[in-house]
Every structure is written in structure tokens, then in C-alpha cells.
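One letter stands for each residue in the lines below.
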Amino acid sequence: MTPISDLEPAERSSQADALAIELHREVSRRRTFAIISHPDAGKTTLTEKLLLYAGAIELAGAVRGRKARRHATSDWMALEQERGISITAAALEFELDGRRMALLDTPGHKDFSEDTYRALIAADSVVMVIDAANGVEGQTRKLFEVCRRHRLPILTFVNKFDRPARDPLELLDDIESTLGIKAAPVNWPIGNAEHFRGVYDLQRQHLLLYEREMQGQYRAPVDVSDLDDPDARALIGDNTYAHFRESLDVIRAAGTPFDLDEYLAGRQTPVFFGSAMTNFGLEPFLRTLVELAPHPHARPSDTGVVEPTDERFTGFVFKIQANMDPRHRDRVAFVRVCSGKFTKDMAVFNSRAGKLIRATRAYRFFGRDRETISEAYAGDIIGLVNPGQFAIGDTVHTGAALKFLDIPRFPPEHFGRLRLQDTRYKQFDDGLRQLEEEGLMQVFYVESGRREPIVGVVGALQFDVIKSRLSTEYGVEIVVDPSTFTAARWVADPAKPLPLLGGATTAAVDRQHRRVLLFANDWEVQYFEKQNPSFGLLAESPVGN
């Protein structure tokens, strides 16, 4: 294709107009969202059912109970399939009602990694899944804070109403008081557990009655009737119906009405009630997700705001994944496209390295499955094969230089010392380096004494992931010894001499040879800072140094 700049003025104007129309059309139909939850709230099940309703899969693999059933679509790693949990964020792209949907499926287990946080930064909106029996739980609060900082709009699905559940009025109050966001119900549950009969659509004023079918594996039929339909009342039962009408009256009189602008600003979350396992409430939720989730938004850079319809291609690397395809031992850089149009074989700059790179192999993902693509637009998640050319946080672009805001490294909370059980030192070091490039962990070496690496992770389960992946992907066996350290702080000014260290505080360096202090507890951190007020410490590793 002839570059626009090489054309005559009239032709250049015509092609520029055509590109502008194309970008506007493609950006307006894209939706990029992530799903967050506390462990066991039903996030993976909801993910599978959304794909089922969208026609992207035929069977919902997250519904457990039969040995013949397959693993969840998004769980591609061997350890994920072995334990039945999501460990790493996965990208799933599919078409739905004329929209191009990109779903970033984030780990829901309690020991998630930094991968979870970074996936949220690549999304334009979020679906929050809450267990109807437990309300807002600890991991949900952590993830919500990341969403709040980035002002992401949030849709809430209160799950498992086919089981014993808290009163829906209590659940709304819990969301508002715990998370500090207004909760606007879009539908209202009718009973719970064995008395659960469906949901009432507050806007359309329709009663949606559901029935179980095929253990929740296939789409459930939907019957719609008026609220005062005598047959519906008889089916619901007098006691359940009376309680439902009473709580519905309270919501109508004192509840928060849905406001689209408040939702898009991240100040209000529309709330849906239902059951992902048995398909209750999923269809209206999915319809609203398609209608309300925002298209790609502008993103700040060091040269100003980048609009998704800007002509030049830009994006940033938010995830590196090694060995998704064990046959090729490749590394893939996941890029969130922020503006313009990506085309196969396009030459792009890596802002950090200052290099021009030709993107000859670009992929779209559906869990582990991948397909070669020839073009992509803002909101798309593309994979670029990464022979060591990309790192997390890199900006890729055409045209004038720019850099998107740094993706933070989140401070590790758990530490362990890795001991190699054989003499395959090169494979061990290669594996550690590549896993650290993915952001799975941060590696430290103590400046004196034993030379075995100490790794810091956000969640303790990552030690099992490290051990499993070093074994299966790099052929080395390790033992992880628990460490007494609980916090790492980077030295702000490397030129400053270290003061005298007391207690269990230990000096170390990271892989980039930046100086780090490892502390046994928060009290030691606070004591060090009190004793050395002019000696700066950083909770997050410096970026780009």
C-alpha cells in the first residue's frame, strides 16, 4: 500500500478521509474488558457462560462435575488445568452482536500475581463478580482499588443466587460501604437457593423466569411475563412473591437509579443478580455489557493525550508470556493497541530500545489458541513474537516518538530462596530470566553470603507456578525455601553509602544491579526510615533504569 505521504494532495486527502472513517467505525465497535472477583465467586464460570452465550464455544467447560468435561477455555497452563484455577491472565477475543469483544480473563485465586493488575491497566472497563453469600471480599477490594485509580467503569454481577444468599438490600449496602461506589440495581432477584425463581428487569418491567437445563451446560430458556401475571405469582409462591414485592418497593423508593454518565465515570456500578452456573440472569447481563461497556478511550502519553482514532499506530506491552506453545518455545509480547491501525509486517518503533522492529508475526488469541492477523485497531489485544525485543511497559508506535505512562511494578509480599537440585545452571538462569521478564516475580541476590536467588512474588501460589514451569518448560528441578523477608525497598539514590543495617535487614541487588534492602517486617521498614530520614527508599522498582 502506498504511504499517504507519497500521494498527490487530492489522493492524500481522499485516503486520509477513508482511513478516518475506517478508524472511527472499528473503534466504535470494540469493547475491551476484564473480569475480577474473589476466589470461588464464580468468575471462571461466568467467563465460560459469556462465551457460550456469544456463540464462541459450544460447551461451558468451567462447569465441573464430570470427568469427561474439558478445562475452562481460558485456562491454558498445565498447572491451571491440574488444579482447576486460573493462574495467568488470558486474552479471549470474539464477535458478538456486531461488536468486537476482547475479554481479559484475570486469575481469581487468592494468590494472584502482578499479571492480574496489569491486565486491568490494558482494559477499558471491568466486570466484577461477587458471591451472593459472602458479599465483597478481600481480593475484590484489592482489585477494585486498581480499577478506581484508573477510573474504569464497572458492571457488577452478584452470583450464586441459586444457593443460600444474603438479602439483596444488604448486598447493595455492602458494595457501597465497602468499596465507596454507588450501586444501581438493574434487575432484582426473586428468592434464593431452592426458592430462586428468576429476576425482575427494573427498566423493562419484565419478570424473567428461568428453568434449569442440562446441569447449566447449555443456554437456559427465558420466559418473560408481567409482574402481576397470576401464573407467574403461582409459580413463584406466595411467601417468596411477598418478600420480593416488599424489597422491590424499597428499591423503587430509595434505591440508586442507573445513570450512564455516572457509570462511565466510575462513580456508579450497575448491579445484576443471577447464577452463572445455572444461567439465571446471564442474557440481560450480557446484553447490557454489549450496550454499555465503553469503546476504547484516550490514553495519556509523555507527548499528550492519544486518541484511539489517531492515524498513527500506538500500543503498549502489558504482558510477556513464554512457552504458550511448547513446540516452539516462543515468547509472546501481548500488546494493547491504543490508536491507529496495525498491519502485518508493519515497522514499529520500540520507545525504550529506540529500535525499529518489523512485526512479521502477529497473532490474535483465544486462550492458548492463536491465529495470524493482518490488521488490528484500538482496543484489540495482539501478540507479537518476542525474541527478547520487548519488555513489560514498552511503547510501540509509528511516527514521532512517544511513551505511554509507565506500568508500575507492584511490590512483592512473599519471598523465598530458590535452590537448584541439579547442575543445570544455564537452564536455571535462563528460566529465571524469562519468568522475570513476564513479571511473574522479582529476583534478588544478597550482596554477601549465599548466592542462591531470592524471589519476591505478589501471591504465594506463584512459588508453585515457578517450580512447575521451571520443571516442565526448562527441565530443572528446584526447592523453594521459605524466607523471613516480607518487604523489599529500592535505594532511591544508588550513589549514597548504605547506613548501618540492624536486625534482619539485608542488602541485595536485583537483576539490573539496582540496590535493594530486604526487610523482615513492616516494623523494620518504619524503624529504618525513622533512623535514616534523608535516605530515600522506593516501594516499587525504578522503571527504565
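Here the structure is a predicted model, which means the values were calculated and not measured. (Residues numbered from 1 in each chain as written. Predicted model: local features only at pLDDT ≥ 70, side-chain atom pairs only at ≥ 80, totals over all residues. Heavy atoms only, no water.)

Secondary structure summary: the protein chain contains 13 helices and 31 strands in total. Out of the 545 residues in the protein chain, the part that is buried amounts to 55%. Pairs at least 24 residues apart make up 70% of the contacts formed inside the protein chain by residues separated by at least 6 positions. As displayed, the protein chain has an accessible area near 23,400 Å², and 49% of this comes from carbon and sulfur atoms. (Helix = DSSP H or I, 4+ residues; strand = E, 2+ residues; numbered from the N terminus. Buried < 20%, exposed > 50% of the residue type's maximum accessible area, 1.4 Å probe, protein only. Contact = heavy atoms within 4.5 Å. Areas by Shrake-Rupley, 256 points an atom, 1.4 Å probe, with all protein chains shown as cover.)

With that out of the way, let us pick up the packing of helix α2 (residues 43-53) against helix α10 (residues 282-292). Running from amino to carboxyl end, α2 crosses α10 at an angle of 80°, the nearest separation of the two axes being 11 Å. Here α2 lies roughly perpendicular to α10, going by the angle between them. Packed against α2, whose contacting residues are Leu46, Lys49, Leu50 and Tyr53, the element α10 presents Leu282, Glu283, Phe285, Leu286 and Leu289 at the interface. (Axes fitted to C-alpha atoms, helices over the stretch in contact; angles between N-to-C directions. Parallel < 35°, antiparallel > 145°, perpendicular 65-115°, else oblique.)

By the criterion of burial, helix α4 (residues 114-122) is predominantly enclosed, with 9 of the 9 residues buried. Among the residues making up α4, those that are buried are Glu114, Asp115, Thr116, Tyr117, Arg118, Ala119, Leu120, Ile121 and Ala122.

Summed over the entire model, instances satisfying the criterion amount to 15 aromatic pairs. The interplanar angle of 65° and the centroid separation of 6.4 Å between the aromatic rings of Phe318 and Phe334 together place this pair among those described as edge-to-face. Of this pair, Phe318 sits in strand β14 (residues 314-322) while Phe334 sits in strand β15 (residues 331-339), placing them 16 residues apart in sequence. Pair check on accessibility: Phe318 and Phe334 agree, each one buried. An angle of 15° between the planes, with centres 5.1 Å apart, marks the rings of Trp523 and Tyr527 as stacked. Here the residue Trp523 and the residue Tyr527 both occupy positions in helix α13 (residues 522-531), the gap between them amounting to 4 residues, near one helical turn. Through successive ring pairs, a cluster of aromatic residues spans Phe161, Trp188, Phe196 and Phe273. Seen from the ring of Phe334, Lys319 lies directly overhead, with NZ or CZ sitting 5.5 Å from the centre. Above the ring of Tyr363, the side-chain terminus of Arg370 is found at 4.9 Å from the ring centroid. (Phe/Tyr/Trp six-rings, centres within 6.5 Å; stacked < 30°, edge-to-face > 60°. Lys NZ or Arg CZ within 6 Å of the ring centre and 35° of its normal.)

Our focus in this paragraph is the pairing of strand β3 (residues 99-105). Burial of β3 is extensive: 6 of the 7 residues sit out of reach of the surface. Examined bridge by bridge, strand β1 (residues 30-37) and β3 share 6 bridges and lie parallel to one another. Within β3, the residue paired with Arg30 across the bridge is Arg100. (Pairing = 2+ DSSP bridges.)

Working definition: the strands of a sheet are paired by backbone hydrogen bonds and lie parallel or antiparallel to each other. The strand order across the open sheet formed by 8 strands is β27-β24-β26-β25-β29-β30-β28-β31, and the pairing between neighbours is antiparallel. Strand pairing shows two members of the sheet lacking a second neighbour, β27 (478-482) and β31 (537-538), which therefore form its edges. The sheet contact formed by strand β28 (residues 487-491) and β31 spans 2 bridges and is antiparallel. Bridging from a neighbouring strand, Trp490 pairs with Leu538 of β31.

Bringing the pattern of salt bridges into the picture now. Across all of its chains, the model carries 30 salt bridges by this definition. The shortest N-O distance in the salt bridge between Arg148 and Glu145 comes to 3.5 Å. Separated by 3 residues within a single helix, Arg148 and Glu145 lie in helix α5 (residues 138-149), roughly one turn from each other. Looking at Glu145, the relative accessible area reads 34%, which means it is partly exposed. Between Lys426 and Asp430 there is a salt bridge, with its nearest N and O atoms 2.9 Å apart. Of the two residues, Lys426 and Asp430 both sit in helix α11 (residues 425-437), 4 residues apart, roughly one turn of that helix. Take Lys426: its relative accessible area is 59%, and that puts it in the exposed class. (Salt bridge = Lys/Arg side-chain N within 4 Å of Asp/Glu carboxyl O.)

A few words now on the confidence of the model for the protein chain. Looking at the protein chain, pLDDT values average 83 and 84% of them are 70 or higher. Here helix α3 (residues 78-83) stands out as the element of the protein chain with the lowest mean pLDDT, 50, in contrast to strand β6 (residues 182-185), whose mean of 97 is the highest. Counting contacts from residues 60-77, a segment whose pLDDT is below 50, to residues more than four positions away or on other chains yields 55 contacts. (pLDDT = per-residue confidence, 0-100.)

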